[in-house]
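Next come the chains, spelled out residue by residue.
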Amino acid sequence: MDGYRALVFTPVRPGGRVLVQTRGGSLVQDRFPDLTAAAEQPLPHGLVLDGELVVRDAEAGRLSFEALQRRAAARSRGAAGLADRWPAYFVAFDLLQLDGPRAPDASQSMYTVIPSFSAAVFPACPPSACS
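Worth saying up front: this structure is predicted, and the values here are computed from it rather than measured.

**Q** Residue-level account of the overall build of the chain, with values.
**A** Each helix and strand in the chain was counted, giving four helices and six strands. In the chain, the succession of helices and strands from N to C terminus is β-β-α-β-β-α-α-β-α-β. In the chain, once contacts between residues fewer than 6 apart in sequence are set aside, the share between residues at least 24 apart is 67%. About 7100 Å² of surface is accessible on the chain, with carbon and sulfur atoms providing 51% of the total.

Right, dumping it as structure tokens:
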């Protein structure tokens, strides 16, 4: 997959912010307002997901690493316009934390904690575009 490895942190308490952190430790949620908005409502509080941040080029009908780099380089003011052109998606593949600073029970998978994550992608990504 052509993307950036990232972690998504949901707020521990209501009213907090969703954070998106790259493998290098940079916080980039301001560059991906569409992704953070999609993660705010359906996800439980105190969740940490490990996955891949990808961007879809709607015109080309496929994922685009070049568009992802342009989104990652944008600052807050230009991020919303780029989000309309190149929507971001987070493909989650591991649940690292649930409900605060403790490791999740080994019996809890991402799919039991987040039933709507049957595709483990948010916001919903067309299967042909995120594969």
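**Q** Which residues make up the nonpolar core, and what values do they have?
**A** Phe32, Leu35, Leu49, Leu53, Val55 and Phe90 are the most contacted members of the largest nonpolar core, which totals 24 residues. Within the residue set of this core, elements represented by two or more residues are β1 (4-9), α1 (33-40), β3 (48-57), α2 (65-73) and β5 (88-97). If you tally residues by element for this core, the top one is β5, at four residues.

**Q** If you had to explain the pairing of strand β2 (residues 19-22) to someone new, which residues and values would you point to?
**A** Judged by which residues are buried, β2 turns out to be one-sided: Val20 and Thr22 face inward and are buried, whereas Leu19 and Gln21, on the alternate face, are not. The pairing of β1 with β2 spans four bridges and is classified as antiparallel. Bridge assignment links Phe9 to a residue of β2, and that residue is Leu19.

**Q** Describe the packing of aromatic side chains, listing the residues and the values that go with them.
**A** The geometry of an aromatic ring pair is captured by the separation of the ring centres together with the interplanar angle, meaning the angle of the planes. Taken as a whole and judged by the stated rule, the model has one aromatic pair. Between Tyr4 and Phe65, the ring centres sit 5.6 Å apart and the planes meet at 85 degrees, which makes this aromatic pair edge-to-face. Residue Tyr4 is located in strand β1, and its partner Phe65 is located in helix α2; the two are separated by 61 residues in the primary sequence. For Tyr4, a relative accessible area of 24% gives the class partly exposed.

Each value, and the rule that gives it
- Throughout, residues of each chain are indexed from 1 in the direction in which the sequence is written.
- Since the coordinates come from a predicted model, pLDDT governs what is reported: local features require at least 70, and pairs of side-chain atoms require 80 or more to be given and counted, while whole-chain, interface and lining totals use all residues.
- Side-chain metrics in this entry use all non-hydrogen atoms of the structure; hydrogen atoms and water are not considered.
- Secondary structure is summarised from DSSP: a helix means a run of H or I of at least four residues, a strand means a run of E of at least two, and numbering begins at the N terminus for each.
- Whether two residues are in contact is decided by their heavy atoms, any of which lying within 4.5 Å being enough.
- Accessible surface is estimated by sampling points in the Shrake-Rupley manner with a 1.4 Å probe; for residues, cover comes only from the protein chains shown.
- Only buried Ala, Val, Leu, Ile, Met, Phe, Trp, Tyr and Cys residues count toward a nonpolar core, and they belong to the same one when joined by side-chain atoms within 4.5 Å.
- Each residue gets one of three labels from its accessible area relative to the maximum for its type: buried under 20%, exposed over 50%, partly exposed in between, using a 1.4 Å probe on protein chains only.
- DSSP-based pairing: two strands are paired if at least 2 bridges between them are found.
- Pairing of aromatic side chains requires ring centres within 6.5 Å, counting the rings of Phe and Tyr and the six-membered ring of Trp. Pairs whose planes differ by under 30 degrees are stacked, by over 60 edge-to-face, and all others tilted.

Nothing here speaks to function; it is all geometry.
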